[in-house]
Each structure stands twice: as structure tokens, then as C-alpha cells.
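# Examining the three-dimensional arrangement
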Amino acid sequence: MFCEVDYLPASQDPELLRRLLRAKDRMDANSHEAWPVRRLARVSGVSEAHFARSFKQAFGVPPHRYLLTRRIERVMALLRDTDLSITEIAFQAGWESLGTFGRTVRDVTSESPGAIRARWRVTARELGRVPACFVSAAHRPHLTMAVSEKRRRAGGGIKGVRSAQEVR
Amino acid sequence: MSQGVGVVGLYVRDQDEALAFYVEKLGFRVHTDVRNGEYRWLTVQHPDQPSFQLGLFAPGPPVLDAGTAQSLRAIVAKGAMPPLVLAVDDCRTAYDRMRARGVEFTQEPMDRYGTVDAGFRDPSGNGWKMIEARR
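None of these values were measured; they are calculated from a predicted model. (Residues numbered from 1 in each chain as written. Chains lettered and ligands numbered in written order. Predicted model: local features only at pLDDT ≥ 70, side-chain atom pairs only at ≥ 80, totals over all residues. Heavy atoms only, no water.)

## A look at the overall build of chain B
Counting its secondary structure elements, chain B contains three helices and eight strands. Ordered by position from N to C terminus, the α and β elements of chain B give β-α-β-β-β-α-β-α-β-β-β. Here the C-alpha atoms of chain B give a radius of gyration of 16 Å, agreeing with the 14 Å that 2.2 N^0.38 yields for 135 residues. Overall, the C-alpha framework of chain B stretches about 45 × 35 × 25 Å when taken along its three principal axes. Looking at chain B residue by residue over its 135 residues, the buried ones come to 41%. (Helix = DSSP H or I, 4+ residues; strand = E, 2+ residues; numbered from the N terminus. Rg over C-alpha atoms; globule rule 2.2 N^0.38 Å. Buried < 20%, exposed > 50% of the residue type's maximum accessible area, 1.4 Å probe, protein only.)

Printed below as a string of C-alpha cells:
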């Protein structure tokens, strides 16, 4: 058995990839919604068993983690561009619990939502000439491992600089 | 204007399908459609932009080997080609018109930064942002 990724078989069928892209697009458009594998598989017209594996092979991350990166990106944009309360942002981005929201944002970005907002208030500007969606994408987290794994490593003493690098 | 960018090409999975999409659904016009054996040079043009051609090219022989062509088709189908932006006068009107023609939208029109933008893909997977020009 091959574990997780590293060994990648030959390229995937472009026709399948195009349908997987449709599922990815749907998550992009409505990242606040719940996206169980069954729903995504239906969008792509493949079996549930086939979907998660194919998606990861195509896009490098499992679908639920991809969804998390888009939610965090949305959170960043809302923190930066709106005056919505942090509670409101959590719910708009798709979290049902404020506690889980705060913890996940800290685990992924190494900063609290409040700190992120405060920092952007200071730096901002300069990006006015880049189309908004690409500015937003620049703040998408690069999650190379599961958040639970990041949390475990951070808790296990690999703190500070190293864990900050892993996020970026 | 006699200097500047004249043609930028997209890779598409099927040139006939792409031609139908860009002409019938988006309202572009054919500029050049010339075949030489297996090779087909196909460009379209926005009706308001006569100095620029958008090339619709199929990756494959004789220009590219089969393996490279297969990789490119996969990259296009994954939506990994660079961003494209279509400027329009009225994003919501264009959205309604294009949607009625069956364009696959990835994002509905949204007010942002004093303008309106939407997102769509061509049949191959190339992703476009459609942005209303600021008045």
C-alpha cells in the first residue's frame, strides 16, 4: 500500500479533471456552505470513494483542507475589508462555533483574528490596482499538512520560527 | 496604434468547441482560421478591440509531443492557467445574457471595490474574471 501521496501515478484524464474543477469551483463560490464528500462527488459525477482520492491527486490537498484554505482566505478578506465583528465573520465564513473559529485561525496563521485585523489596518493600501480576487488569493494559506497535525507539532515543542514557516 | 501585444493564446481541449463558445456565447468574432495539415491557427477578436487577437490553440502535434500535450490538457482542465480578465460596461447585464446562453459561471456578479465582477470558465477550464469598467 502506498501511504498518502508521494507516489503519483500517471496523469489523470483531463475530462475527469475538468469535472473535479467544477467541484472546486463550487467550493470557491460558496465556501461558507457545508461540503461533504457526497455533495462534491455529485458535482463531479464520480463515486464518493473515487472523489477524495482524485481531488487530492489533482489539486494536491484533500477537499476538506482545500475548503479550509478558502474559508481562511475569506476570513482574511473580511477582516481586512469590512468592519464586521469577528463573531459575524466567523459565521459568514462557515463556522458554527466561535471557539473553533478562533483556534483554527490561530493554528493556520499563527495570529488571532483580532491581531490580523489590527495589523492590516496599519499596512493596507498599495494593492488597489490588482483585481480584488487576486489580492484575496495572495492571502490564501498554504496548508501543506492537516491542521490537526500542525496543532500536534506546535504542541510538541516545535514552536516559534519553525512552525511559523510551515504555515507559509 | 502599431506597436503592442497582438496575439495572446489560450490552450483549449477542442478548437471547434472553443470557437463556438467564444463566438456564439461571448460574442467574439473569428479573426483567422487557417489549417495546415493537423495544425490549425485560430484566433478570435473582441468586437471593440481590433488590435488584439485571442488565440485558441490545441496543444498537440506537430508543435508539441504527445506527453507534453497531455500535461497541458490536464493543466488547463485543472483551471491552473493564468488569470484572464474581460472588461465589460455592465457586468450584471453581461452575466444575464451569457448565462442564458449556457456559460458556466463560477461566481455571480458581486459588488467589490466600487465595481462589479463575476467569474466564468470556458469549456476547457480557462478561468475568466469579468469586471465592470470603472466609470
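So, next bit.
## Points about the packing of helix α1 (residues 14–29) of chain A against helix α3 (residues 48–59) of chain A
All names here are of chain A. One way to put it is that α1 packs onto α3 with a least axis distance of 10 Å and a crossing angle of 90 degrees. With respect to each other, α1 and α3 are oriented roughly perpendicular. For the pair α1 and α3, contact is made by Leu 16, Leu 17, Leu 20, Leu 21, Ala 23, Lys 24 and Met 27 and by His 50, Phe 51, Ser 54, Phe 55, Ala 58 and Phe 59, respectively. Considered class by class, the residues forming the contact of α1 with α3 number 10 nonpolar, two polar and one charged. (Axes fitted to C-alpha atoms, helices over the stretch in contact; angles between N-to-C directions. Parallel < 35°, antiparallel > 145°, perpendicular 65-115°, else oblique. Contact = heavy atoms within 4.5 Å. Nonpolar A, V, L, I, M, F, W, Y, C, P; charged D, E, K, R; others polar.)

## Notes on the sheet that holds strand β6 (residues 104–112) of chain B
Hydrogen bonds along the backbone pair up the strands of a sheet, which may run parallel or antiparallel. Residues and elements named next belong to chain B. Spatial strand order, β5-β8-β7-β6: four strands in an open sheet with mixed pairing. Strands with a single pairing partner mark the edges of an open sheet, and in this sheet they are β5 (84–88) and β6. Along the sheet, successive strands turn relative to each other by an average axial angle of 20 degrees, direction set aside. Sheet analysis places β5 next to strand β8 (residues 127–132), joined by five bridges and oriented parallel. (Pairing = 2+ DSSP bridges.)

## Description of the domain arrangement of chain A
All names here are of chain A. As far as domains go, chain A holds domain 1 (10–60) and domain 2 (65–147). A C-alpha centroid distance of 24 Å is found between domain 1 and domain 2. Taken together, the contact between domain 1 and domain 2 spans nine residues of the former and eight residues of the latter. Taken together, the two surfaces of domain 1 and domain 2 that pack against each other cover about 700 Å², and 58% of this comes from carbon and sulfur. It is Asp 28, Ser 31 and His 32 in domain 1 that bury the most area against domain 2; as a group they hold 62% of the surface buried on that side. Taking the shortest distance from any N to any O, the salt bridge between Asp 28 and Arg 70 comes out at 2.6 Å. With three residues, α1 is the single largest residue contributor to the side of domain 1 that touches domain 2. (Domains from an automatic or database assignment. Buried area = accessible area lost by both parts, 1.4 Å probe. Salt bridge = Lys/Arg side-chain N within 4 Å of Asp/Glu carboxyl O.)

## Some thoughts on the interface of chain A and chain B
Contacts between the two partners involve 17 residues from chain A and, on the opposite side, 20 residues from chain B. Counting the surface lost from both chain A and chain B, the interface buries some 1500 Å², and carbon and sulfur atoms represent 58% of this. Broken down residue by residue, the surface that chain A buries against chain B is led by Pro14(A), Arg18(A) and Asp25(A), which jointly contribute 32%. Between Glu104(B) and Arg22(A) there is a salt bridge, and its shortest N-O distance comes to 2.9 Å. Summed over the shared surface of chain A and chain B, the number is seven residue pairs in polar contact (both at pLDDT 80 or more). Broken down by secondary-structure element, the contributors of at least two residues to the side of chain A that touches chain B are α1, α3, α4 (63–81) and α8 (132–138) of chain A. Counting residues per element, the side of chain A that touches chain B draws most heavily on α1(A), which supplies seven residues. (Polar contact = N/O pair within 3.5 Å; in protein donor to acceptor, adjacent residues only side chain to side chain.)

## A look at helix α2 (residues 66–77) of chain B
Helix length check: α2(B) (12 residues) gives 16 Å between terminal C-alpha atoms against 16 Å at 1.5 Å per residue, within 8%. Within the sequence span of α2(B), burial applies to Ala69(B), Leu72(B), Ala74(B), Val76(B) and Ala77(B). Close packing links the buried residues of α2(B) with α1 of chain A together with β1 (7–11) of chain B. (Expected span 1.5 Å × (residues − 1).)

## Side note on the packing of aromatic side chains
Counted by the stated rule, this structure contains 12 aromatic pairs over all chains. Aromatic side chains Tyr95(B) and Phe105(B) sit 4.6 Å apart centroid to centroid with 70 degrees between the ring planes, which places their arrangement in the edge-to-face category. Highlighted residues: Tyr95(B) in helix α3 (residues 91–100) and Phe105(B) in strand β6, separated in sequence by 10 residues. Looking at Tyr95(B), the relative accessible area reads 9%, which means it is buried. Note on Phe105(B): relative accessible area 17%, which makes it buried. A network of ring pairs unites the aromatic residues Phe21(B), Tyr22(B), Phe28(B), Tyr95(B), Phe105(B), Phe120(B) and Trp128(B) as a single cluster. Positioned over the ring face of Phe59(A) is Lys24(A), at 4.9 Å from the centre of the ring. Across the ring face of Trp35(A), the terminal group of Arg39(A) is positioned such that the distance to the ring centre comes to 3.5 Å. (Phe/Tyr/Trp six-rings, centres within 6.5 Å; stacked < 30°, edge-to-face > 60°. Lys NZ or Arg CZ within 6 Å of the ring centre and 35° of its normal.)

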